[in-house]
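Summary of the model geometry
The residues making up each chain are set out below.
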Amino acid sequence: MKQITWTGLLLLLLCANAQAQERIYRCGNAYTNTVTEAQAKNCKLVEGANVTVVQGTRPAQPSAPAQASPASAGPRVNTQEQKSRDADARLILQSELKKAEARQAELLKEYNHGEPERLGNETRNYQRYLDRVAELKASLARNESDMAGIRRELERLPASPAAR
């Protein structure tokens, strides 16, 4: 008796599952389960996978196209204040450039044309020496790149009033 009940329950579940699975057709990026629509649009049958399509929300259309104007970009700064800011930025960049140039000179001196002096623990471990030389070379390249970037930033700033 129990076997008949389990078999009946299993058949009932299989029938319910079979009814829930309909044929699904793919028409480009759209999916449909209507056979006539699929035949009319020459859609392809999707086999072996369940398809779940969730409709997204469409963004609201603006009522009037807003045009960007310079006045709406933000509050304006008066000319004198802007010149003061530019002068401060120039001073900061010049001091950073001096620091980078001093660091470059220090690195070049330590690098010694690719043959820096060996430190105490590097006399017995040549690989450690080679690693330090490679690190110095990379630091030189990075510092040179930093200096080039600072120079580019200085060129972008308006000319200082003292230079005029």
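Described below are features of the structure shown in this document.

1. A few points about the environment of Arg 128
In this structure, Arg 128 sits in helix α4 (residues 126-156). Remark: the alpha-carbon pair of Arg 128 and Arg 118, spanning 10 residues in sequence, is separated by 9.7 Å. Excluding residues that lie within four positions of it along the chain, Arg 128 makes contacts with Asn 121 and Glu 122.

2. With respect to helix α3 (residues 79-111)
Spanning 33 residues, α3 covers 47 Å between terminal C-alpha atoms, matching the ideal 48 Å at 1.5 Å per step. Along α3, the positions that sit buried rather than exposed are Asp 86, Arg 90, Leu 93, Leu 97, Ala 100, Gln 104, Leu 107 and Tyr 111. Next to the buried residues of α3 lie α4.

3. Focus: the state of the cysteines
By definition, a disulfide links the sulfur atoms of two cysteine residues through a covalent bond. Tallying each qualifying case throughout the model produces one disulfide. Here Cys 27 connects covalently by a disulfide to Cys 43, the sulfurs 1.7 Å from one another. Looking down the S-S bond of the Cys 27 and Cys 43 bridge, the torsion is 105°, so its handedness is right-handed. Highlighted residues: Cys 27 in strand β1 (residues 24-27) and Cys 43 in the loop between α2 (35-40) and β3 (44-46), separated in sequence by 16 residues. Judged by relative accessible area, which is 18%, Cys 27 ranks as buried.

4. Some details on the environment of His 113
Mapped onto the secondary structure, His 113 falls in the loop between α3 and α4. Separated by 24 residues in sequence, His 113 and Lys 137 have C-alpha atoms that sit 9.8 Å apart.

5. Notes on the nonpolar core
Ranked by size, the top nonpolar core spans seven residues in total: Leu 93, Leu 97, Ala 100, Met 147, Ile 150, Leu 154 and Leu 157. Of all the elements in the fold, those that place two or more residues in this core are α3 and α4. In this view, Leu 154 contacts Arg 90, Leu 93, Gln 94 and Leu 97; residues no more than four positions away in its chain are not counted. If you look at the next biggest cluster of nonpolar residues, it comprises six residues, including Leu 107, Tyr 111, Leu 136 and Leu 140.

Rules of the game
- Residues numbered from 1 in each chain as written.
- Predicted model: local features only at pLDDT ≥ 70, side-chain atom pairs only at ≥ 80, totals over all residues.
- Heavy atoms only, no water.
- Helix = DSSP H or I, 4+ residues; strand = E, 2+ residues; numbered from the N terminus.
- Contact = heavy atoms within 4.5 Å.
- Expected span 1.5 Å × (residues − 1).
- Buried < 20%, exposed > 50% of the residue type's maximum accessible area, 1.4 Å probe, protein only.
- Disulfide = S-S within 2.5 Å.
- Core = buried A, V, L, I, M, F, W, Y, C linked by side-chain atoms within 4.5 Å.

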